[in-house]
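Listed below are the residues making up each chain.
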Amino acid sequence: MRRPVPSADADPVPSHPGGVELLAAREALVAGTAVRRALPRRGRRTVGAWCFADHFGPAPVSPDAPVAIGPHPHTGLQTVTWLLEGEQRHRDSLGSDQVIRPGQLNLMTAGAGVVHAEESLDFRGRIHGVQLWVALPDTVRASPPSFEHVAELPSVALGAAVATVLVGSLAGVTSPAGVHSPILGADLRVGPGTAGLPLEPAFEHAVLVLEGAVEVEARTVAPGTLAYLGPGRHDLALRAGSPARALLLGGTPFGEPLLMWWNFVARTREELGAARRAWVEGDDRFGAVVSGLDRMPAPGLPWASGRGQGDG
Ligand code: MN
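Here is a short report on the structure shown in this document.

Conventions and cut-offs
- Residues numbered from 1 in each chain as written.
- Predicted model: local features only at pLDDT ≥ 70, side-chain atom pairs only at ≥ 80, totals over all residues.
- Heavy atoms only, no water.
- Donors = N, O, S within 2.8 Å, 3.2 Å for Na, K, Ca; no water.
- Helix = DSSP H or I, 4+ residues; strand = E, 2+ residues; numbered from the N terminus.
- Buried < 20%, exposed > 50% of the residue type's maximum accessible area, 1.4 Å probe, protein only.
- Contact = heavy atoms within 4.5 Å.
- Salt bridge = Lys/Arg side-chain N within 4 Å of Asp/Glu carboxyl O.
- Pairing = 2+ DSSP bridges.
- Axes fitted to C-alpha atoms, helices over the stretch in contact; angles between N-to-C directions.
- Polar contact = N/O pair within 3.5 Å; in protein donor to acceptor, adjacent residues only side chain to side chain.

## Things to note about the coordination of the manganese ion
Right, so step 1: Donor atoms from the polypeptide that bind the manganese ion are His72 (NE2), His74 (NE2) and His116 (NE2), placed at 2.1 to 2.2 Å.
Right, so step 2: One chain supplies every donor for the manganese ion, spaced along it as H-x1-H-x41-H. Of this pair, His72 sits in strand 5 (residues 68–74) while His116 sits in strand 10 (residues 114–119), placing them 44 residues apart in sequence.
Right, so step 3: The buried category is assigned to His72, whose relative accessible area is 5%.
Right, so step 4: When its relative accessible area of 1% is taken as the criterion, His116 is described as buried.

Right, here's the structure in full:
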């Protein structure tokens, strides 16, 4: 008997039925700084409504070498900012002006359109954190934008882990942050020892290690790798030999088709083209943010014929 030859077109995601899929993050640049982009990846675009996950730092910042992410637009998503170290000032076209520090959550709902800028200003030290996006469902994605800062989040001890719930609920503990689909985001301080986390079986989940190493169902996961777990699980065992830090992301598989390009989440190329045009032309759709930094130029649309990319 000959075994079937795997097709060259096979899904690049290794399949571990009932087990853990490990996905390498790719390196991307954000305002000149290298980040680990764990989502979207080829073959794994979303985990629930989570559609983007950048892990940045730890990296030194100072007034001479600050975080300086100039004004840029978003549509169709929520941004979730969570720091392990450092501080950043968020400003947006709603007039929000909010410094965020470790333990606090910034949640910006772009809806139809918003502009924001992020800067470390005169902070001197290390910056370490994550920038996550949540795709908005069709029913709310054209809503007016909003911004929420949550200064204190609930936490719960689960064996050798303490979980801080950023959005959604874990082990009966619920974050006050406003989201629009069944999702979970939790920060985990794990180890030394083993933690058993109760999971919502309708959710798919991912573990993103931020510091140290965590065994996820006996597979060792370190920063730069996303461990994906499909729906149908009621619990998850995590172990760490020494203190480690990870994010647990989850949600019901996002059933709507998504089209993501640059800072926009949409459904069609026409929508993406219209959002880009509104940004390039300085249309009211996005408003304006007070910032000393330059507005970020939009790259060219990759599918626009007769124009080069990066024609800003
Ligand atoms: Mn942004």
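Now that the structure has been shown, we can carry on.
## Points about the side chain of Thr46
Right, so step 1: By the secondary structure assignment, Thr46 is in the loop between strand 3 (33–39) and strand 4 (50–61).
Right, so step 2: What Thr46 contacts, discounting residues up to four positions off in sequence, is Leu39, Cys51, Glu204 and Leu258.

## A word on the pattern of salt bridges
Right, so step 1: The tally for this structure, following the rule as stated, stands at 13 salt bridges.
Right, so step 2: When the shortest N-O distance is used, the salt bridge between Arg233 and Glu217 registers 3.6 Å. Of this pair, Arg233 sits in the loop between strand 22 (225–229) and strand 23 (235–240) while Glu217 sits in the loop between strand 20 (214–216) and strand 21 (219–221), and the two are 16 residues apart along the sequence.
Right, so step 3: For Arg233, a relative accessible area of 13% gives the class buried.
Right, so step 4: Its relative accessible area of 33% is what places Glu217 among the partly exposed residues.
Right, so step 5: One salt-bridge network, held together by shared partners, links Glu21, Arg44 and Glu204.

## Concerning the sheet that holds strand 21
Right, so step 1: Within the open sheet, the four strands sit side by side as 18-23-20-21. Their pairing is antiparallel. Each edge of the open sheet carries a strand with a single partner, namely strand 18 (193–198) and strand 21. Strand-to-strand twist across the sheet, computed as the mean angle between neighbouring axes with direction ignored, equals 30 degrees.
Right, so step 2: Direction of pairing for strand 20 relative to strand 21: antiparallel, over a ladder of three bridges. Residue pairing across strands places Glu215 opposite Thr220, the latter belonging to strand 21.

## Focus on the side chain of Glu119
Right, so step 1: Here Glu119 shows up in strand 10.
Right, so step 2: Overall, the relative accessible area of 9% leaves Glu119 in the buried class.
Right, so step 3: A distance of 3.1 Å separates a polar atom in the side chain of Glu119 from a polar atom in the side chain of Arg91.
Right, so step 4: The contacts of Glu119, once residues within four sequence positions are left out, are Val67, Gln88, Arg89, Arg91, Ser291 and Leu293.

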